[in-house]
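Close look at the chain arrangement
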Amino acid sequence: MLKISSLKKLVTDSMAIDLGTASTIIAVKGRDIVLDEPSMVAVNELTEEIVAYGKEAAEMLGREGRDVNVRAPLMGGVVADFERTKKMLAHFVKEAKTGGSQVSLQAVMSMVSDVTHVEQRALLNAAEEAHIGKVYMMEEGLAAAFGAGVLPSDKRASAVIDFGAGTTNIAIVAKGTVVHSRSERLGSNEINAALANHLRRHRGLQVGEETTEMLKTNFASAFLPEDITKSITVRGRDVQTGSPGAVEVTAGEVYPIVESIVRRIAQIVSDTLTELRPEVAADIFDRGVILTGGGALLEGLDQYLRGFISLPVTVSDEPRYATVRGLLKMFDEPELLEKVSRNELSLLQNAEIPFEA
Ligand SMILES: Nc1ncnc2c1ncn2[C@@H]1O[C@H](COP(=O)(O)OP(=O)(O)OP(=O)(O)O)[C@@H](O)[C@H]1O
Ligand SMILES: [Mg+2]
């Protein structure tokens, strides 16, 4: 009879990792999504040590203890703080593992399409440090497309726009490959920045990240609300006096701020759609575009975009999970995985890593 311990040796976790600016989402083959945490770490500034990861770190954000600082080690979809990204990834991978140290790992990870070789190697190194045996890297846009239901065998083109926290990634996909793509380091977090900036400059109130996020997700929308006088109380710190304060913000006041960012995104989408070859353009004309990513949850974004590009626009099921689900699907298509994964190590070998411990 096989003992449990020897059985464990046979276990391989096949892990899909979407390492995003805002969230790290991990799914394991056979178990779907097992981890969904903010891509954040809390650092003790005196010892330089990480004292909390993910949700626990995010809960401290804005209310950190004197010596603690909460940071997002990924900025705009790239590895801004290599050492901490590495540690964060290793921590999350450990959390997501089925259990038992003998569990071996293979993983497929996403990266934005304009990622440089240096950044790509930084991500690969981070994965190696997390003790993942074999790592495949795949373009985020392609993963998002598969996750949104685009079939790798479909010869006609589909357009998928992943509106993330730090990046907007547009991928035109046909027959399981990217036929055209564009990636901009402009994401939904730009709306938070614009809201916070407006409150500070025009309403004299400094607000924290939790407050702007609440304002965006619960109150903001991409279309002019019917009742522009509808209001919400926003609390923070009075710029003049430094004291705790609050202001009433109306829907009519928030709308133009949000719209200015949404319009930039829509313009990028619209420009990208003028760069397509005729057959591809014809397919997109029929099918329109699919939205994925957390930014797609902004109220009325689909409606706004539909008006802007005059094409059908749909939001995928659970848009935040499209990328990770697309990555996970790759384990059912090993040949496709080999084809689409971009572990071009010969290219990577020449890249020097500027990040140092
Ligand atoms: N209900 C909502 N309304 C508006 N925005 C939302 C909503 N829910 C999440 N978001 C926004 O979606 C973004 C996170 O999306 P997502 O998880 O796809 O980003 P990410 O993958 O971490 O980022 P990136 O792909 O750019 O690296 C955040 O900016 C968040 O504020
Ligand atoms: Mg993403």
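In the block above lies the structure referred to throughout.
Residues numbered from 1 in each chain as written. Chains lettered and ligands numbered in written order. Predicted model: local features only at pLDDT ≥ 70, side-chain atom pairs only at ≥ 80, totals over all residues. Heavy atoms only, no water.

Here's the deal with the packing of helix α5 (residues 140-147) against helix α11 (residues 322-329)
Where α5 meets α11, the axes come as close as 6 Å, and the angle between the chain directions of the two elements is 90°. Taken together, the axes of α5 and α11 lie roughly perpendicular to each other. Along the contact surface, α5 presents Glu140, Ala143, Ala144, Phe146 and Gly147, while α11 presents Ala322, Thr323, Arg325, Gly326, Leu327 and Lys329. Among the residues making up the contact of α5 with α11, the classes are represented as five nonpolar, three polar and three charged. (Axes fitted to C-alpha atoms, helices over the stretch in contact; angles between N-to-C directions. Helix = DSSP H or I, 4+ residues; strand = E, 2+ residues; numbered from the N terminus. Parallel < 35°, antiparallel > 145°, perpendicular 65-115°, else oblique. Contact = heavy atoms within 4.5 Å. Nonpolar A, V, L, I, M, F, W, Y, C, P; charged D, E, K, R; others polar.)

A word on the site of ligand 1
Not every one of the 21 residues close to ligand 1 is listed here, only the nearest: Thr21, Ala22, Glu213, Lys216 and Gly294. For ligand 1, an oxygen atom lies 2.8 Å from a polar atom in the backbone of Gly294. Surface burial for ligand 1 is 90%, taken as the share of its 650 Å² of free accessible area covered by protein chains. Residue classes in the shell around ligand 1 are distributed as four nonpolar, twelve polar and five charged. (Near = heavy atom within 4 Å. Polar contact = N/O pair within 3.5 Å; in protein donor to acceptor, adjacent residues only side chain to side chain. Areas by Shrake-Rupley, 256 points an atom, 1.4 Å probe, with all protein chains shown as cover.)

Focus: the pairing of strand β6 (residues 68-71)
Here β6 shows a clear split, with Val68 and Val70 buried on one side and none of Asn69 and Arg71 buried on the other. As paired strands, strand β4 (residues 41-44) and β6 are joined by four bridges and run antiparallel to one another. Across the sheet, Asn44 pairs through a bridge with Val68, a residue of β6. (Buried < 20%, exposed > 50% of the residue type's maximum accessible area, 1.4 Å probe, protein only. Pairing = 2+ DSSP bridges.)

Some details on the sheet that holds strand β18 (residues 313-315)
Strand order in the open sheet made by the five strands is β13-β12-β11-β17-β18, with mixed pairing throughout. Both outer strands of the open sheet, β13 (177-184) and β18, are each paired with one neighbouring strand and no more. Adjacent strand axes in the sheet meet at a mean angle of 20°, parallel and antiparallel pairs treated alike. Across six bridges, strand β11 (residues 158-163) lies against strand β12 (residues 168-174) in antiparallel orientation. Directly across from Ser158, in β12, lies its bridge partner Val173. The sheet strands contacting helix α9 (residues 278-287) are β11, β12, β13 and β17 (289-292), and the helix crosses β11 at an angle near 70°.

Let's talk about unusual backbone geometry
One non-glycine residue, Lys175, lies in the positive phi region at around 50°. Its place among the elements puts Lys175 in the loop between β12 and β13. Judged by relative accessible area, which is 52%, Lys175 ranks as exposed. The phi dihedral of Glu318 falls on the positive side, at around 40°, and the residue is not glycine.

Focus: the packing of aromatic side chains
Tallied over the entire structure, the rule returns one aromatic pair. Seen in terms of ring centroids, Tyr304 and Phe308 are 6.2 Å apart; in terms of plane orientation they differ by 20°. Their pairing is stacked. Residue Tyr304 and its partner Phe308 are both found in helix α10 (residues 301-309); the two are separated by four residues, about one turn of the helix. A relative accessible area of 28% places Phe308 in the partly exposed class. Across from the ring centre of Tyr136, 4.6 Å away, lies the NZ or CZ of Lys134, which sits over that ring. (Phe/Tyr/Trp six-rings, centres within 6.5 Å; stacked < 30°, edge-to-face > 60°. Lys NZ or Arg CZ within 6 Å of the ring centre and 35° of its normal.)

Concerning α5
For α5, the tally of buried residues reaches seven of eight residues, placing the bulk of the element in the interior. Three or more residues of α5 are buried, namely Glu140, Gly141, Leu142, Ala143, Ala144, Ala145 and Phe146. Immediately beyond the C-terminal end of α5, within one or two residues, lies Gly149, with a positive phi of roughly 105°.

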